[in-house]
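Listed below, chain by chain, are the residues.
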Amino acid sequence: MATGNDVREIFQLKASDQVKRVHKTERKPDGISRELYGLIGNNVSTVAFNNPTYKPKLNVSKKAVNWTWRPFVNPSRDDDLILHHWEKTRTDPNEEYRFYKFNKSINLISFSPEEYTSHLKDPDWTMEETSYLWDLCRRFDLRWVVIQDRYEWPPQEADRLALQYYNGNNLVISENGANATKKEGEDTPMKDATAAVSGSGDSSVKTTPGVDTSTTTGATTAATTTAATTTASGSKPTAATASTSKTVANITPAKTRSMEDLKHRYYTVNRILTKIRMSDASQAVEKAQLLSSMAYDKNREIERKKNLEILNTRTPEQIEEEEALYLEARRIDQNEKKITRERENLLRLLNTRDIYGPGGPTSAGLAGQVGVAGGGPGTGIIIPSNSITIPSSSSPSASGAAGGAGGSSHSSANGPLSPSVGKGGAAAATPASAAAASGSTPKKRKKAPKGSVQADDSAPPTPTTATSGGNALKGSSSSNHRRPSNASDGPGGPSSASAALPPPVVKKEKLTPGAYLRSQKMTPIVSTKQQRVQSALVTLGLPFKPAMPTATVMAKWDQVQSNIVTLLDIKKQADKLESDLKVVKMRRGSLGSGSSGSSSAVASAATGGTGGSAGSASLGSNADGNFGVKREGTGDESGTPGPVKKKKRKE
Amino acid sequence: MGTYGGDEVAALVLSVGHTWTQAGYAGEDTPKSIFPTSVGWVDLPAEADQGDDADNSEDTQMQDATQDGASASDSSHIGKKDADGGDVAPQPVGAGVVPSKKKITKRGKYYVGDGEISCWRPDMEIKSPMKDGLVEDWDALEQIWDHAFLKRLRCDPTEHPLIITESAWNTREIREKLTELAFEKYNFPAFFVAKDAVMTAFAAGRPHALVVDSGGDMTSVVPVYDGYVLRKGIMRQSLGGDVLSDQVLQQFKANDVEVTPQYLIAKKSPVVVGQKPNVVLRDRPATPSFHKMMQMRVLHDFKESVCQVAESTYNEQNINTRPQKPYELPDGYNFNFGAERFKVPEIMFNPKEFLKNPTAEQENFVGLPKLIFNSAQSCDIDFRPTLFGNVVLTGGNTLFPGFADRLHWELNSIPHSYKVKLHAPGNTVERKCGSWLGGSIMASLGTFHQLWISRKEYDETGSSIVNKKCV
C-alpha cells in the first residue's frame, strides 16, 4: 500500500520529518504516569482517540463464588420456621439474617387505665373503644386510611381475636425493646398495664389467654415497686370492662367513625399524655416540639375536606366559568397595571415639568420680574400636580380592587377610584379626612399644615389609611374638609406660606451645561399630544406660535402649553372616571339591592366617582384660593389662565 | 440474590381464578403452568362402588378407555391422556360437603387440565369450583391443587412454602378452609394468602393502586392502600367475559347461525360468505355444560380475533367506516363483521344500551368507568388523587384492542379534577397473570419471610390464624 512517503518519493519531495516523528515516540521515563506524560511529553496529540470498548473477557482464572443451599431462621419471627435458600458460603456461621433489620414497628404512646380515668375521659369514647383504636393503630402502623376502612366498633369476634393476636405478639416485642432502651421502671408497667387493658377489653371472649397472661406476668416481674398497684388496677377494670363490653356489644349496632374522629381522638390523647408525662422543665423544648407535631384541628380538617370535595365535583361548565372569570380578573389586573403605568408616566411628566417649571424658561434676567409671581408659577404648577395626585393615589387602589375579593362588586365598581375596598366603608369614612389632610405629596403637606392638623382632629392620620383611604372619598372629603381649611387660612396663610418658601424655580432649575439656545428650555410637547394642544390653542384663539417670542412671552407661552397638556391629561382621566362611574351605576342598577354594607360602599364609590371630578374641581378651587395672588399677578399678562381655570371647573 | 432485596426460598405461587389457574415458582416472571380452572366430572356407575380403592381406580380407568374406544373413532390420544390424567375420588354429588350424603357417596372421576377437559366424553360435566371469586366446590378445588402441584409442577409440597391469591372479598371460612387444606392435606411448611388486587398492584410496582380486574365471570374495582385492600371501596359486578360471549352467542342465534364447536365437526367444506355451512357433524352426545364450554371457547376465539373497542364514545357512523374483519366459525360459516365487533366490548362501558335481553341482575350493571369512579369516590378524599394516578388494569377481559385507551378517555370525561394515569401492561401474559406475578414477586422478597404462617403457628392456633396474619 502506498504511504505518504511513497507519494513523496514519486514527486521527489523530501520525506517529511513529521511522519517520522510520529513513529519515533520516546519511551516514557519511569516515575511519571502515562496520563501525565501524555500531557507534557513530546507527542501530545490534539485529538483524543476513543478506543472502542469491548466486553471484558470472562475471567476464567478467578475462582467461582461458592453458594450453598442452607436452612435459615428469621429472627423477626417468633416461631422457628426454617426456610431454605441459596446463599454465598459464609465464613461467619452466626451471621444475622440479612433482612432482619428491616423489621421495624412504630412506637405508640400507650396509656394506663388510671391515666385514662384521670385525664383522657371523653363522653364520646369509652376506654375500650380507645384501646381498640390503639390496637388498630398498632396493627396498621398508623395508616389512617386503612384504620378508618377497618374500623368497626364493637369489632366482630374474629377481628377482635386477630387484633389481640397481633398486638399481643407485638407488645411482647415492643416491651422487650422498651426494657432494653428505657431504663426507667416507670415506663414498663405502663406498657404492661395497657397490655392488660387491651387484653381485658378482649378478655370477655378470650380463647387463647396465653399471650395476655404472659404479658401480665411479665409486668409483675418487670415492675417491682409499682407492679402491685398496676396489676391491681389492671385487674379491676378487667372485670368491669368485660361486662361493659358485652353490654355494649349487645346494645349498640356497629358504628363507624370518620377519619377525623379517629385522628382527633388519637392526637388528643397523645397530646394529653405528652403533657402529663413530660412535666420536666428540661424537656420543655422537646415537649413543645412534640405537641406541635401532634396538633390536629378536627373542624379545620373537616372544612378542608368539604372544600376539596366541592372543588373536585365541579362540572366542566363551572370549571370553564371559573377559568373565564380568572382570565377576566387577570385581564383587569393587567389593565390596572397599564393604567398605573400610564399614570406614573403622567406624573413623571408633570414632575419634570415641575422641575423645569414654567420658571425654568424664565432665565436669570427674568428672575426679578417673576419675583412676585415666583411663588406663583411654582405653586401654580402644584395645582396640576395636586389634581394629578388623585389618579396617582388611586393607582394603588387598582391593586386593591384586584385583590379585594369580598367587595369586588363595588371594588370593580369603584374601578380605579377607591382603594378603600379592603378596609370597608366604616374605615373609609375616617381615613378619608386623614387622607385628605395628609395629602399625597409631602410638599403639599408642608404647604397646608393646618389642614392636616384639622384632619388629625377628626381622625388619627395613620399613613397607611391615608394612602389606602378611599381616594374617591378623599376627593369628596377634600371638598369637605379641605376647603374649609383652605378657606380659613385662605387669604393670608397660604400666600405667606408660599412666600416663606424659597422660590422653587431656583431649586428646580436644571442648568444645561455649556451654551444653549433659549428655545431649548421650552418644554417639549409629546408629539402625540401636539395636535390636541394645537387645537386647544385654536379654541383659545391663539396662534400656533407667538408673534413676538420674547423671553417673557415665551415663558408664558410655555406655561400655557404645559397647562393645556395637563388639562388634556386630566380631562382624559375624568372621562375615564366618568365612564367607569357609568358602568358602576349600571351594574348597581342590575344588582338591585345588595347587602347594606356593599351598597353603602357602592354609594361611596359612586360619590367617589363624582368625587374624582369634584375633587379636581375642588382642587381647582383650592388652587384658586391658594394662588389668587398668582392669578392677579399673571391674569392680565395674558388672558390664558382664566379660561384654563374655567375649563378645569367644567370638568 | 439476583433481585434487589430478594431472597428466594423456592416458594410456590398458586392463583386460582374463575377461568384460569396459574401455578409456578416464586421469583419467575411467568407461571410454569396455566390451565383452566374448570374441571370435568364423570359419574361412575353405582356398581363400581365395591372393593377397595385400588381396584376401583383400575376399573374406572379401564372403563374410561373402553368408553373412549367405543364412542370415538379418533380417540386414541384421549385414551392415552386418560391413563395419566384421570383421577378417582370419592365424591358426594353436588358441590357442598354434606355429612348425611357421605354414606351414599358416588364414585366418580375428575378430569383436570386443558387437554383433559376439552376432550369429549359422554356424561362429562364441566364445573368450575369458583363462583364470584369464592370457592364453592372444595373437591374440585382439591383436584386443581393436586393437578397443579403433583402433575404440573411435580414437586414435593412439604419442601416448599405456598402462597395463594384470593379475591378481596373472600370470607373467613373459605380462607380457614384453604389453610386447613394446605397444612392438613399437603403439609406445606409455610403458607400465605394474599389478596389478588394487592398482588396485581405489586406486579405493577405500586403500593397504592386502584386495581381494575375484569375477568371471565366478573369485573371488580379494588382500591389498595400501601398493600392493604380498602374493603369499603370494593366494587364488583358479574359483568365479565362470559357475559360478552353469551351476548355474541345470542347475536348469532338471532341471525340464525348455530355455533358448533370443533368436537362435533367431522368434515366441512368452504362456503361463500354468509352462506349456510356445509358440514358433516359427528354424533357426540355431550352434557350441556360441556357443550357450553366448547361453545364459549369458540366465542372466546371470536372475541380475541375480531372484537375491538371504539377509542372514544361509540359512534355508529364512525364505526361503519372502519374496515370489517372476517371470521370463520369451526363449521365453515364465515362472515365479515363490522359494527358488531365494536358492539360487544362496548357492553363493558355502556351495559344499559348494549346489553341485549338483560336479566334482572344485569339490569343494574353500570359501566366500568362509573364503577371505577364510585370505588374511588368511596375512599378518603386525600387518597383519591393517588388512586386516579394509579389505575391498574388486569384480567383477560381487558385485552380487547383499544380497551385501555377508551377507559382512559372515559375516566377523563367524568367531571373531576384528578389526573388519571392508567397502567395497562402491554404484555399479554402480564395482564392475564397479574396477581400471580405479584405473588411471585412478593414471595421472593427477603422481608416477606417473616409473614409466612408456619406449620407451628398453625398447630398452635388452628386455621383461624390465617385471619390474624393475612389481612
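Residues numbered from 1 in each chain as written. Chains lettered and ligands numbered in written order. Predicted model: local features only at pLDDT ≥ 70, side-chain atom pairs only at ≥ 80, totals over all residues. Heavy atoms only, no water.

**Re the overall build of chain A**
To be explicit about the condition: Put simply, DSSP marks the helices as runs of H or I at least four residues long and the strands as runs of E at least two long, and each gets a number from the N terminus on. The cut-offs for exposure are 20% and 50% of the maximum accessible area for each residue type, with area from a 1.4 Å probe on protein chains only; residues under the lower value are buried, those over the upper are exposed, and the others partly exposed. It only takes one pair of heavy atoms within 4.5 Å for two residues to be counted as in contact. What sets the accessible areas is the Shrake-Rupley method with a 1.4 Å probe; for residues, cover comes only from the shown protein chains.
When helices and strands are counted, chain A shows 28 helices and 2 strands. When burial is assessed residue by residue, chain A has 42% of its 651 residues classed as buried. Contacts in chain A between residues at least 24 apart in sequence constitute 70% of all its contacts with a sequence separation of at least 6. Carbon together with sulfur atoms contributes 58% to the accessible area of chain A, which is approximately 36,900 Å² in total.

**Section: the overall build of chain B**
For chain B, the helix and strand inventory stands at 18 helices and 22 strands. Expressed as a percentage of its 471 residues, the buried residues of chain B come to 54%. Contacts in chain B between residues far apart in sequence, at least 24 positions, make up 70% of those at least 6 positions apart. Here chain B displays about 19,700 Å² of accessible surface, and carbon together with sulfur accounts for 51% of that area.

**A few points about the interface of chain B and chain A**
Quick note on the threshold: Only one rule defines a salt bridge in this text: a Lys or Arg side-chain nitrogen within 4 Å of an Asp or Glu carboxyl oxygen. N or O atoms within 3.5 Å of each other form a polar contact, as long as, within protein, one can give a hydrogen and the other can take it, and as long as residues adjacent in sequence are counted only when both atoms are side-chain atoms. Residues are grouped as follows: Ala, Val, Leu, Ile, Met, Phe, Trp, Tyr, Cys and Pro are nonpolar; Asp, Glu, Lys and Arg are charged; every other residue, Gly included, is polar.
The partner chain A presents 46 residues to the 44 residues of chain B that form the contact. Measuring nitrogen to oxygen at the nearest pair gives 3.6 Å for the salt bridge that ties Asp80(A) to Lys456(B). Here chain B and chain A share 20 residue pairs in polar contact (both at pLDDT 80 or more) between them. At the level of elements, strand S14 (228-229), strand S22 (453-454), helix H17 (455-461) and helix H18 (465-469) of chain B are the ones that each hand at least two residues to the side of chain B that touches chain A. With 4 residues, H18(B) is the largest single contributor of residues to the side of chain B that touches chain A. Of the residues assigned to the side of chain B that touches chain A, the class counts are 19 nonpolar, 12 polar and 13 charged.

**Focus on unusual backbone geometry**
Look at the link from Trp153(A) to Pro154(A): it is a cis peptide, with omega at -5 degrees. Turning to its location among the elements, Pro154(A) is positioned in the loop between helix H6 (144-150) and helix H7 (157-181). The residue Arg154(B) is not glycine, and still its phi comes out positive at about 50 degrees. Along the polypeptide, Arg154(B) turns up in the loop between helix H4 (138-152) and strand S10 (162-166). Take Arg154(B): its relative accessible area is 69%, and that puts it in the exposed class.

**Focus on the side chain of His449(B)**
With respect to the helices and strands, His449(B) occurs in the loop between helix H16 (434-443) and S22. A relative accessible area of 0% places His449(B) in the buried class. Here the side chain of His449(B) touches Asp7(B) through a polar contact of 2.8 Å, landing on its backbone oxygen. Dropping the residues within four chain positions of it, His449(B) is found in contact with Phe72(A), Asn74(A), Arg77(A), Leu83(A), Tyr97(A), Asp7(B), Val9(B) and Ala443(B).

**Description of the nonpolar core**
Our working definition: Among the buried residues, those of types Ala, Val, Leu, Ile, Met, Phe, Trp, Tyr and Cys that are joined through side-chain atoms within 4.5 Å form a nonpolar core.
Leu133(A), Trp144(A) and Phe252(B) are the most contacted members of the largest nonpolar core, which has 84 residues in total. Excluding residues within four positions of it along the chain, Trp144(A) makes contact with Leu133(A), Cys137(A), Met259(A), Leu262(A), Lys263(A), Tyr266(A) and Tyr267(A). With 73 residues, the next largest nonpolar core counts Tyr97(A), Ala203(B), Val229(B) and Ile234(B) among its residues.

**Some words on the packing of helix H7 (residues 241-254) of chain B against helix H10 (residues 340-349) of chain B**
Residue and element names in this part refer to chain B. Going by this rule: Each axis is a line fitted through C-alpha atoms, and for a helix only the stretch in contact is used; angles between axes span 0 to 180 degrees, taken between their N-to-C directions. Working rule for angles: under 35 degrees goes down as roughly parallel, over 145 as roughly antiparallel, 65 to 115 as roughly perpendicular, anything else as oblique. Here is the rule for handedness: rotate from the far helix to the near one, and if that takes an anticlockwise turn smaller than a right angle the crossing is left-handed, while a clockwise turn gives right-handed.
Contact pair H7 / H10: the axes reach a minimum separation of 10 Å and the direction vectors enclose 140 degrees. Here H7 lies oblique to H10, going by the angle between them. Crossing geometry of H7 relative to H10 is assigned as right-handed. When H7 is examined against H10, the residues Leu244, Gln247 and Val248 are found in contact with a partner set consisting of Val344, Pro345, Ile347 and Met348. Looking at the contact of H7 with H10, its residues break down into 6 nonpolar, 1 polar and no charged.

**A look at the sheet that holds strand S1 (residues 12-16) of chain B**
Residues and elements named next belong to chain B. Where we set the bar: Strands pair, by our definition, only if DSSP identifies at least two bridges between them.
As summarised here, the arrangement of the 6 strands in space is S3-S2-S1-S10-S11-S22, forming an open sheet in which the pairing is mixed. Since the sheet does not close on itself, it has two edges, and those belong to strand S3 (33-36) and S22, each with one partner. For S1 and S10, the ladder comprises 4 bridges, and the chain directions are parallel. Each bridged residue has a counterpart across the sheet, and for serine 15 the counterpart in S10 is threonine 165. Lying on the sheet, helix H5 (residues 172-185) is in contact with S10, strand S11 (190-195) and S22; it crosses S11 at an angle near 150 degrees.

**Some words on the packing of aromatic side chains**
How two aromatic rings sit relative to each other is given by the distance of their centres and the angle of their planes. Quick note on the threshold: Working definition: rings of Phe, Tyr and Trp (its six-membered ring) pair if their centres are within 6.5 Å, and the pair is stacked with planes under 30 degrees apart, edge-to-face with planes over 60 apart, and tilted otherwise. Distance and angle both matter: a charge sits over a ring if NZ of Lys or CZ of Arg is within 6 Å of the ring centre and within 35 degrees of the ring normal.
For the structure on display, the rule yields 36 aromatic pairs over all chains. An angle of 55 degrees between the planes, with centres 5.5 Å apart, marks the rings of Trp69(A) and Trp86(A) as tilted. Here Trp69(A), found in strand S1 (residues 67-73), pairs with Trp86(A), found in strand S2 (residues 82-88); they are 17 residues apart in sequence, far enough to count as distant. The class of Trp86(A) is partly exposed, set by a relative accessible area of 48%. An aromatic cluster is built from Phe111(A), Tyr116(A), Trp134(A), Trp144(A), Tyr266(A), Tyr267(A) and Tyr296(A), whose rings are joined through pairwise contacts. Sitting above the plane of the Tyr111(B) ring, Arg121(B) keeps its charged end 3.6 Å from the centroid.

**Some points on helix H5 (residues 127-139) of chain A**
Residue and element names in this part refer to chain A. Where we set the bar: One fewer than the residue count of a helix, multiplied by 1.5 Å, yields its expected span.
With 13 residues, H5 ought to run about 18 Å at 1.5 Å a step, and its terminal C-alpha atoms sit 18 Å apart, in line with that. The buried count for H5 comes to 13 of 13 residues, which makes it a mostly enclosed element. The positive-phi residue at the C-terminal boundary of H5 is aspartate 141, with phi of around 50 degrees.

**Let's talk about the environment of Gly133(B)**
Residues and elements named next belong to chain B. Here glycine 133 shows up in the loop between strand S8 (130-131) and strand S9 (134-135). Distance from glycine 133 to methionine 218, taken between C-alpha atoms, is 8.2 Å for residues 85 residues apart in sequence. Look past the residues within four positions of glycine 133 in its chain and what remains in contact with it is Ser167, Trp169 and Asp217.

**Overview of helix H24 (residues 527-539) of chain A**
Between its terminal C-alpha atoms H24(A) stretches 19 Å, which fits the 18 Å expected from 13 residues at 1.5 Å a residue. Taken from the residues just after H24(A), Gly541(A) is the one with a positive phi, measuring 75 degrees.

**A short note on a positive patch on the surface**
Residue and element names in this part refer to chain A. Put simply, the rule reads: Like-charged residues are merged into a patch within 9 Å and nonpolar side chains (Val, Leu, Ile, Met, Phe, Trp, Tyr) within 5 Å, provided each residue has over 30% relative accessible area and no salt bridge. The convention is simple: Lys and Arg are positive, Asp and Glu are negative, and His and the chain ends are not counted. Taken as the charge centre is NZ of Lys, CZ of Arg, CG of Asp or CD of Glu, depending on the residue.
On the surface, Arg330, Lys337, Lys338 and Arg341 cluster together to form a positively charged patch. Its location among the elements puts arginine 341 in helix H14 (residues 316-356). Here arginine 341 falls in the partly exposed class, since its relative accessible area comes to 48%.

**Describing the pattern of salt bridges**
If you walk through the whole model with that rule in mind, you get 41 salt bridges over all chains. In this structure, Asp124(A) engages Arg257(A) in a salt bridge whose closest nitrogen and oxygen atoms are separated by 2.9 Å. Of the two residues, Asp124(A) is situated in the loop between helix H4 (113-119) and H5 and Arg257(A) in the loop between helix H10 (227-251) and helix H11 (259-277); the sequence distance between them amounts to 133 residues. Glu166(B) is the partner of Arg175(B) in a salt bridge, and the nearest nitrogen-oxygen pair spans 2.9 Å. Here Arg175(B) falls in the buried class, since its relative accessible area comes to 6%.

**Points about the packing of H24(A) against helix H25 (residues 551-591) of chain A**
Residues and elements named next belong to chain A. Between H24 and H25, the shortest axis-to-axis distance is 10 Å and the interhelical angle comes to 110 degrees. Looking at the two axes, H24 sits roughly perpendicular to H25. Here H24 and H25 pass one another in a crossing that is right-handed. Only Trp557, Val560, Gln561, Ile564, Val565, Leu568 and Asp569 of H25 make contact with H24, whose side of the interface consists of Lys529, Arg532, Val533, Ala536 and Leu537. Residues belonging to the contact of H24 with H25 are distributed by class as follows: 8 nonpolar, 1 polar and 3 charged.

**Comments concerning a nonpolar patch on the surface**
A contiguous nonpolar surface patch, about 450 Å² in accessible area, is contributed by Val7(A), Ile10(A), Phe11(A) and Leu13(A). Secondary-structure assignment places Phe11(A) in the loop between helix H1 (4-10) and helix H2 (17-23).

**Thoughts on the pairing of S11(B)**
A regular strand places its side chains so that they alternate between the two faces of the sheet. Residue and element names in this part refer to chain B. The element S11 is largely enclosed, with a buried count of 6 among its 6 residues. Residues Ala190, Phe192 and Ala194 point to one face of S11 and Phe191, Val193 and Lys195 to the other, with burial holding for every one of them. One ladder, built from 2 bridges, connects S11 with S22; its direction is antiparallel. Within S22, the position partnered with phenylalanine 191 by the bridge is isoleucine 453.

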